[in-house]
Structures are given as structure tokens and as C-alpha cells.
Amino acid sequence: MISSLDQMVEKVHSMKKRHRIAVAWAQDQNTVSALARAVNDGFAEALMIGDNGAISEECRKLGVDPSVFKLLQSPDETSASKEAVSLAARGDADVVMKGLVGTDKFLKAVMDKEHGLMAPGGVMSYVCAVQLPAYHKLLFITDTAVIPFPDLEQKIAMAQYAIDMANRFGVEKPKVALIGASEKVSKHFSNSTDYAVMCKMAERGQIKNCIMDGPLDIFLACDPKSISIKGVDTPVAGDADVLVFPSLEACNPFYKGLMLFAGGELAGLIRGTTRPVVVMSRSESEKSKYYCIALSCLMA
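Everything in this summary refers to the structure shown in the same document. None of the values given here were measured: they were computed from a predicted structure. (Residues numbered from 1 in each chain as written. Predicted model: local features only at pLDDT ≥ 70, side-chain atom pairs only at ≥ 80, totals over all residues. Heavy atoms only, no water.)

### A short note on the pairing of strand β6 (residues 139-142)
The condition is simple: With a 1.4 Å probe rolled over the protein chains alone, any residue whose accessible area is under 20% of its type maximum counts as buried; one over 50% counts as exposed, and the rest are partly exposed. Only DSSP runs of H or I covering at least 4 residues are called helices, and only runs of E covering at least 2 are called strands; the numbering of each starts at the N terminus. When DSSP finds two or more bridges between a pair of strands, those strands are recorded as paired.
Taking every second residue as pointing to the same face, both faces of β6 are buried, with L139 and I141 on one and F140 and T142 on the other. Note: strand β5 (residues 125-131) against β6, three bridges, orientation antiparallel. Each bridged residue has a counterpart across the sheet, and for V130 the counterpart in β6 is L139. Pairing geometry for β6 and strand β9 (residues 242-244), over three bridges, is parallel. Counterpart to T142 in the pairing with β9 is V244.

So, in C-alpha cells, the structure goes:
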């Protein structure tokens, strides 16, 4: 089982395959640096779409030889996004990655009904693997970035995507905690009734290959001591692999708090697409982008 992000990178190395990554509007310093590292480490080929002069200048600043990349000239970020998606859609790239382009413009190309990358019946969602000094294994968290207030169908998709990702890390039957403010089903928390439905679906195998319970608070999900303190009998037992949050407003601040205050590192991807899609903030570190590139290769 992969228990750290560095072990994930080692797993990708062991696959001995170079995945082609099409980067939209690629003249971003951290993106150039992360991709140069992935290329030099032997598991990526980078198709850098954007202003070739600007990309080469960023390479010069970083001491990177531009010839390690394939540079594809594009007039603007919208065109670059469409070209990156097109390369993946026709099989000339294995992964699509956002560079300096705005997320809205990039995802518009990904979601295009005729030329995009949405899987038939897919729900666009975001799953990230988070590494924390205070937790004994990786936590898979969803949805940190895409769906503001997921309905029942979207929550089911979010959970299944996270379970599938955990499986790739060697977690055979992930423990899935459906997160709420309390462990009690209540009319005051509409998500708790969705959670009750999801738990019954998991029990019947309609949500596959997991142990699921909820609503649970973070303590019951991730702290075994809380089980005896609160006297709650849950199969997750303070040992969760996956945390499913009821809203973007709950999940996004939670994961950012882990990054800022708890020394967290992450690797994340858009799910629900036919090819892995890497979307990160333009301010994310080179290390985080490198981990996301490695994750995209693992999931490709």
C-alpha cells in the first residue's frame, strides 16, 4: 500500500512509462519547474502550449533546457486550453494540465460538449490525497474545488471517485467517512439524510468496495480515542481513508487549513473525465504541482 506521496512517486517510477502531459498556457515558473523535474525523472513528456518565447524565458530563469519540452505556440490562453484538451481527446496526450490560464477558461474547454473530456454520465469533481504529519496514512478528501453544494447523485459520484483513487494506492476497501457537524441524522442538516441513503447503498454494494458511515464529525472519522469517549459504534472507527464533505464551503477551508497550519502536502485531480486533468492554483508550489503530475500518471 502507498502510504506517502513520495511512495506514490516511486510507484510511478516503477511503471517505467512516460506519460504525455499537455499543458495549457505553460509559461508559469512553478509549472515549468515541476514538469522539468518530472521529465528528468523519466515518467513524463511535456507538451508546453503557449507563448514559446515566454516559456523559454522561464526556462532560462530556472536553468532548465527548453529542449526537454515540446513547445507548441498558441496566441492566447483560451486557444491554449482548447489545444491541450484536443490533444488529449484524440489520444496525442495522456493528461491535461492547467498552466497560467484562469480556471474558468480552462475548465470551459474541458467541459465542452463536443470537443471536451467529460466521461459519458460523468460528474466533474475533485479528489486530493493529503499527507499529514499528524495522521498515520494518506487521506483522500473530496470535493475541495468544483461542486459548491453537491446533491445526492453528486455525493455518490464524489465518494466513488475517491474510493477508486484510494484503490490505486493499494487501499483495497477504503473506510469512507461522510463528514458533518454531528454524528446524528437531523432535519436541521439536510446532508445527513443523503448520508443515510448512501450508507444503505454501500451496504447493498451500490456504492462499491468500501466501508461507509456517516454523518460523522472529524474526530469520529480520524481519531480512534473519540470512539470510546463519545460512545459511538462506527465501522470507520477513527481510521478513515476517505473524507466526503457536504459542501465546497466546508471542504475547501478544511484542506487549506491543513496545508497552512498542519504541514500538509497534497496531490489532486479532477475526476469524471476521460483523461486525468490537473487543476491547481497558480500560486501552488513546485512540489505540490510535481506531486499532482505524478498522481495524474498513476491514474492515467
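### Some thoughts on the environment of V244
Put simply, the test is: We call two residues in contact when some of their heavy atoms are within 4.5 Å.
Here V244 is to be found in strand β9. The exposure class of V244 is buried, given its relative accessible area of 0%. For the pair formed by V244 and G263, sequence separation is 19 residues and the distance between their alpha carbons is 21 Å. Dropping the residues within four chain positions of it, V244 is found in contact with T142, M158, A159, V176, A177, L178, I179 and Y195.

### Section: the side chain of K98
Going by this rule: Positive: Lys, Arg. Negative: Asp, Glu. His and the chain ends are not part of the count. One side-chain nitrogen of Lys or Arg within 4 Å of one carboxyl oxygen of Asp or Glu is enough to make a salt bridge. Polar contact is the term for a pair of N or O atoms within 3.5 Å; when the atoms are in protein, one must be able to donate a hydrogen and the other to accept it, and sequence-neighboring residues count only if both atoms are side-chain atoms.
Relative to the elements of secondary structure, K98 occurs in strand β4 (residues 95-98). Buried charge without a partner: K98 forms no salt bridge, and the closest opposite charge is D28, 7.9 Å away. A distance of 3.2 Å separates the side chain of K98 from the backbone oxygen of V101, its partner in a polar contact. Only 3.1 Å separates the side chain of K98 from the backbone oxygen of M280, close enough to count as a polar contact.

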